[in-house]
Structures are given as structure tokens and as C-alpha cells.
Amino acid sequence: MAVDPAALHGDHQTLFAALAPDGTTTSNPTLQRRLGWDSDRYFRSRDALVDMGLVVRGRGRGGVVRRVLATTAVEERTVAVVVDAGADALTTAATVEAVIKNELALYEPMRRVIAHDWAKDHRRDPLAVEVTALQGRRVTGGTWSRPDIVSVEVRTFAYVPGKYLEVATFEVKAANAINVQAVYEALAHRRAATHSYVLLHVPADQADNLEDDVADVAEAARAHGIGVVTAADPQDYDTWEEREEARRVEPDPERLNAFVATQLNDTTRDLISRRLR
């Protein structure tokens, strides 16, 4: 997760304090003039804050930066459901709450399966598999920037030099929230991942009724290289089915680095750092 702003000191603290608390962007030249710093001093501090996950860069004249705002997972999830309410008739607060509650209950059992049976089946040896939906700060603005579960692995190959950081993200959807929006959420995650999946809870007694919705998700995912997995029982890999295979991509290294810095816990980051040495 990102550094606590209260722990900042010196130039880092000064620059962070100069940024608008509400996340409004400010240009680099404006901040330099406001602080009276030369270019080297300013960009050294700015880059450090970016690496800490406390600010993000943006497009604009001279380049712009803004604070990363902390939001709760439930707030983000509620926004996502309400935005999509017109398409799925999710119009009441009670329904939104039910969607969130159902999805939250899936995270831990699915995380355990991904860390063990899923990993073995896919010839993976993850350093860590984390539920990230309930922690961390957003790397970029928007509702879809944080995946629900993340698996991290450093891979090596007998005949290919180097070490490869593999990050797989999983967007979890409960049975009462299956729709193609999940694919676009997974696409947003893939900007900082090598593989991205949609993981759908499809109870056996609802499979027939949900098949059209699952087929729509699979069709959209296929076009974008997003993996689709259905699970009748979240904690039993024997009931999981891979409907679409995730296509590997090579994310921008800076974006991947920021994702690791802001979304994963200290222990996982330390494991990655030591394994990549």
C-alpha cells in the first residue's frame, strides 16, 4: 500500500502539502514557481512521491500532478453498481448492498483456490495471492482501477535469460452482478498486469438461467484477451471452468511498478524485490 502522508518530512512533505487536498491537478511549472525550487529539486521530490503512491502524473501543459485520494472499496463498488443500474435494474440501495455483500463473501475462498489448485493447474508458483479490493490506494482515477484479487509471481526459464514479473488480476462478480461491465473493469486492471481475468460465481442451480449473461461476458472478453472463469462453488476448484484464456500482455514498466507500490502489501513487495535481485 502507499506510504502514509503523515510520515512525510522535508521536501516530500512540502510538495505534498502544496497539492490540492481534493485531488485537483496542478502543473509542474506552477508548483515549481510556487515553491521557488529549481528543476532538479522539484522533480526529485515529485518522482519520490509518485514512487510512494501518493501522487500521480497526468497530461497537460508542462505536465500535471495530483494527489491520490484514498477511498474505501465499498464506496468504489457502490459507484460501479449504481452507474450500471440502468442496464441491470439495480435501482435500490438494498440491491446495491446485496451485490456488495455477496461479492465480499467470495474473495477469501477464491483467493485460497487461486493460491493452491489454480496455481498448480496453471504451472504457477506465486509469491503471494492477495485480496486487494479492500486495501490500498487507487493508482489512477476512476472506479475500475483496483482489482479484487491479485496473484504475483517471478518466473525464470531454462533457455531464456532474465526474470519476469507476472501479475494476474481477477475481477470477481457474484451471481447477481454478472454483466459485460466486468470485462471493461478487467481491461482497466490489465494496464498494470500481464494477465487479467473475470471470475464469475455461477451456482449450479442458477447455471441455466445465467448462461446467456455468461456467454455475453465471454464473447466480450474473447475480443480483448481477457480470461473468463466460472465457479459453481468458490472454494472447490473441481467446479471451476476456464471459459476464455487470458492473453499475456507486457504492461508499461512504470505503471506496473506503481501498481506494486500502491496495491500490494509490504510483505509481498519485499518478496518481489528480493526475488528480482
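Remember, predicted model here, so these are calculated numbers, not experimental data. (Residues numbered from 1 in each chain as written. Predicted model: local features only at pLDDT ≥ 70, side-chain atom pairs only at ≥ 80, totals over all residues. Heavy atoms only, no water.)

## As for the pairing of strand E7 (residues 195–201)
Most of E7 is tucked away: seven of the seven residues are buried. In this structure, strand E6 (residues 164–173) lies alongside E7, joined through six bridges in parallel fashion. Each residue of the ladder has a partner; that of Lys173, found in E7, is Leu200. Note on the crossover from E6 through helix H7 (residues 181–189) to E7: the handedness is right-handed. Taken together, the five bridges between E7 and strand E8 (residues 227–231) define a ladder with parallel strand orientation. By the bridge assignment, Leu199 is partnered in E8 with Val229. Crossover connection from E7 via helix H8 (residues 207–224) to parallel E8: handedness right-handed. (Buried < 20%, exposed > 50% of the residue type's maximum accessible area, 1.4 Å probe, protein only. Helix = DSSP H or I, 4+ residues; strand = E, 2+ residues; numbered from the N terminus. Pairing = 2+ DSSP bridges. Right-handed = clockwise from strand over helix to strand, strands pointing away.)

## So, the side chain of Arg67
Among the secondary structure elements, Arg67 is positioned in strand E3 (residues 64–67). Although Arg67 is buried, it forms no salt bridge, and the closest oppositely charged side chain is Asp22 at an N-O distance of 7.9 Å. Only 3.0 Å separates the side chain of Arg67 from the backbone oxygen of Phe16, close enough to count as a polar contact. Engagement of the side chain of Arg67 in a polar contact is seen with the backbone oxygen of Leu19, the distance being 3.3 Å. If we skip the residues at most four places from it in the chain, Arg67 touches Phe16, Ala17, Leu19, Ala20, Pro21, Gly23, Leu54 and Val55. (Lys, Arg positive; Asp, Glu negative; His and termini not counted. Salt bridge = Lys/Arg side-chain N within 4 Å of Asp/Glu carboxyl O. Polar contact = N/O pair within 3.5 Å; in protein donor to acceptor, adjacent residues only side chain to side chain. Contact = heavy atoms within 4.5 Å.)

## Here we look at the nonpolar core
Ranked by size, the top nonpolar core spans 21 residues in total, and within it Met110, Ile114, Trp118, Ile149, Phe170, Leu199 and Trp240 carry the most contacts. Put simply, the parts of the chain that give this core at least two residues each are helix H6 (93–121), strand E4 (128–131), E6, E7 and E8. Discounting residues that sit within four places of it in the chain, Met110 has contacts with Ile149, Val172, Leu199, His201, Ala231, Pro234 and Trp240. Leu8, Leu15, Leu19 and Leu35 belong to the second-largest nonpolar core, a separate cluster that totals 16 residues. (Core = buried A, V, L, I, M, F, W, Y, C linked by side-chain atoms within 4.5 Å.)

## Notes on unusual backbone geometry
Excluding glycine, most residues fall at negative phi; most peptide bonds, likewise, are trans. Positive phi values are uncommon outside glycine, yet Arg123 reaches one of about 55°. In this fold, Arg123 is placed in the loop between H6 and E4.

## Quick look at the packing of aromatic side chains
Considering all chains together, one arrives at eight aromatic pairs under this definition. Consider the rings of Phe170 and Tyr197, whose centres lie 5.0 Å apart with planes at 10°: the pair is stacked. Pair noted here: Phe170 is in strand E6 and Tyr197 is in strand E7, with a separation of 27 residues, a long-range link. Across the pair, Tyr197 and Phe170 agree in class, each one buried. Through pairs of rings, three or more aromatic residues link up here, namely Trp118, Phe170, Tyr197, Tyr237 and Trp240. (Phe/Tyr/Trp six-rings, centres within 6.5 Å; stacked < 30°, edge-to-face > 60°.)

## Some details on the pattern of salt bridges
For the coordinates displayed, the defined rule picks out 16 salt bridges. In this structure, Arg124 and Glu166 form a salt bridge, with 3.8 Å as the shortest nitrogen-oxygen distance. On the criterion of sequence distance, the pair formed by Arg124 in the loop between H6 and E4 and Glu166 in strand E6 is long-range, its members being 42 residues apart. Across the pair Glu185 and Lys173 runs a salt bridge, and its minimum N-O distance is 2.9 Å. Taken together, the positions of Glu185 in helix H7 and Lys173 in strand E6 put the pair 12 residues apart, joining distant regions of the chain. A relative accessible area of 2% means that Glu185 is categorised as buried.

## Let's talk about the sheet that holds E4
On the basis of which strands lie adjacent, the open sheet formed by six strands has the order E4-E5-E6-E7-E8-E9 and mixed pairing. Taken across any chain shown, the strands that pair with only one partner, and hence form the sheet edges, are E4 and strand E9 (240–244). Between one strand axis and the next, the sheet turns through 25° on average, direction left out of account. Examined bridge by bridge, E8 and E9 share four bridges and lie antiparallel to one another. The residue bridging Val229 from the neighbouring strand is Glu242, located in E9. Running at roughly 15° to strand E5 (residues 149–155), helix H10 (residues 266–276) makes contact with E4, E5 and E6 of the sheet. (Axes fitted to C-alpha atoms, helices over the stretch in contact; angles between N-to-C directions.)

## Some points on the packing of H7 against H8
In contact at an axis separation of 8 Å, H7 and H8 are set at 30° when each is read in the N-to-C sense. As summarised for this structure, H7 and H8 are arranged roughly parallel, according to the angle between their axes. Judged by the twist between their axes, the crossing of H7 over H8 is right-handed. Between H7 and H8, the residues in contact are Val183, Tyr184 and Leu187 and Val217, Ala220, Ala221 and His224, respectively. Its residues assigned to classes, the contact of H7 with H8 shows six nonpolar, one polar and no charged. (Parallel < 35°, antiparallel > 145°, perpendicular 65-115°, else oblique. Left-handed = near helix turned anticlockwise from the far one by under 90°. Nonpolar A, V, L, I, M, F, W, Y, C, P; charged D, E, K, R; others polar.)

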